[in-house]
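# Coordinate inspection notes
This is what each chain is made of:
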Amino acid sequence: MIHQFYKYQGAGNDFILLDNRSLSFNVNTDTIEKLCDRRFGIGADGLMLLENSSEADFYMRYFNADGGESTMCGNGGRCIVAFARRLGIIDKDTLFQAYDGLHKAKIMDSRIISLQMKNIEYCIKYGNDYYVDTGSPHYVKFVEDIRNAQVYEEGKKIRVDEDIAPHGTNVNFVKIDGEGKLSLRTYERGVENETLACGTGAVASAVCTYLERKSDKTSYLINVVGGKLIVDFEVSGAYNFKNIWLTGLADYVYEGNIEI
């Protein structure tokens, strides 16, 4: 069967998107893994299906590059909002449904999209490191030298540590560059490698920096390998964060047809 696909990227996180409101796409782990393969397929960090929702404008169904259906993806969420507008489903504001619940989003201009993330109700500290769920599980490790951080080697080990997260975790290496400024590199589960950006990781890094610094700063500019992201939030308790917004570029790259 021939399927039309669209390629989007948000700060270097790239995704394959399909309009699946007709439910014509046969969800198959091997097929999704092949489509995401950078040598034998289209190539992407993940694949998303835009489907109908009875509760919101649309439903975002997200799959990692290994073909497994996964949890929330922040940059993916921003990209699927841009895709929904391209399809004429929404205009400048939307409410959509994802794995972790309902999300508001705003299209600031033709390329910049701001996405409201789930509230955070707890954060666990492991020595000098942190673990937090921002819609996806994240381990945050602060480093002094972000350029030479062993993202793949260390990230791969921490990612499968069942004492941290029984189903695995994403691993973030964070350098505090100054007040409200961070540099971030992320090892993503499901991709099993470093990616150019991670939206839920950016949120995790911002709130953990707030805790680490015992700061009153609630807005962070985050430099990722593929660009820049902004995270804003409100604090409502010791480990409680609400009204969390992730903002950055979300770009259409190209579209095409593929036989599956």
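Before going into details, it helps to say that this report is about the structure given with it. (Residues numbered from 1 in each chain as written. Predicted model: local features only at pLDDT ≥ 70, side-chain atom pairs only at ≥ 80, totals over all residues. Heavy atoms only, no water.)

Among all positions of helix 3 (residues 151–159), only Val151, Gly155, Ile158 and Arg159 are buried. Looking down the long axis of helix 3, one finds its buried residues gathered within 100° of arc, a one-sided arrangement. (Buried < 20%, exposed > 50% of the residue type's maximum accessible area, 1.4 Å probe, protein only. Helix = DSSP H or I, 4+ residues; strand = E, 2+ residues; numbered from the N terminus. Arc of directions from axis to C-beta.)

With that settled, the discussion passes to the pairing of strand 14 (residues 219–224). Regular strands show a simple pattern: their side chains alternate between the two faces of the sheet. Burial along strand 14 is one-sided: the residues Tyr220, Ile222 and Val224 are buried and none of Ser219, Leu221 and Asn223 is. Direction of pairing for strand 12 (residues 181–188) relative to strand 14: parallel, over a ladder of four bridges. In the sheet register, Leu184 faces strand 14, and the bridge partner there is Val224. Bridge analysis of strand 14 against strand 15 (residues 227–237) gives six bridges, and the strand direction is antiparallel. Residue Leu221 lies in a different strand from strand 15, and its bridge partner there is Ile230. Linking strand 14 to strand 15, which pair antiparallel, is a turn of two residues. (Pairing = 2+ DSSP bridges.)

Turning to the state of the cysteines, a few remarks are in order. Under the counting rule described, the total for this entry stands at zero disulfides. Residue Cys73 stays outside any disulfide, its sulfur separated by 6.6 Å from that of Cys198, the closest cysteine. On the basis of relative accessible area, Cys198 is assigned to the buried category, the value being 4%. (Disulfide = S-S within 2.5 Å.)

What follows is about the nonpolar core. Nonpolar side chains tend to gather and get buried jointly when the protein is soluble and globular. If you look at the biggest cluster of nonpolar residues, it comprises 53 residues, and the most contacted ones within it are Met60, Phe96, Ile222, Val231 and Phe233. Take this core: its biggest share by element is eight residues, from helix 4 (residues 199–213). Beyond its immediate chain neighbours, meaning those up to four positions away, Phe96 contacts Ala56, Phe58, Met60, Met72, Gly77, Val81, Gly101, Leu102, His103, Ala105 and Leu115. Membership of the second largest hydrophobic core comes to 13 residues, among which are Phe5, Ile16, Leu47 and Phe63. (Core = buried A, V, L, I, M, F, W, Y, C linked by side-chain atoms within 4.5 Å. Contact = heavy atoms within 4.5 Å.)

Attention shifts here to the pattern of salt bridges. Pairing is possible between side chains of opposite charge, provided their charged atoms come close. What the rule picks out here adds up to 16 salt bridges. We note a salt bridge from Glu69 to Arg61, for which the minimum N-O separation is 2.9 Å. A salt bridge links Glu192 to Arg159; its shortest N-O distance comes to 2.9 Å. Placement of Glu192 in the loop between strand 12 and strand 13 (193–195) and of Arg159 in helix 3 is noted, with a sequence separation of 33 residues between them. We classify Arg159 as buried; its relative accessible area is 14%. (Salt bridge = Lys/Arg side-chain N within 4 Å of Asp/Glu carboxyl O.)

This part covers the pairing of strand 15. One ladder, built from six bridges, connects strand 15 with strand 16 (residues 240–249); its direction is antiparallel. Note on strand 16: the bridge partner recorded for Val231 is Leu246.

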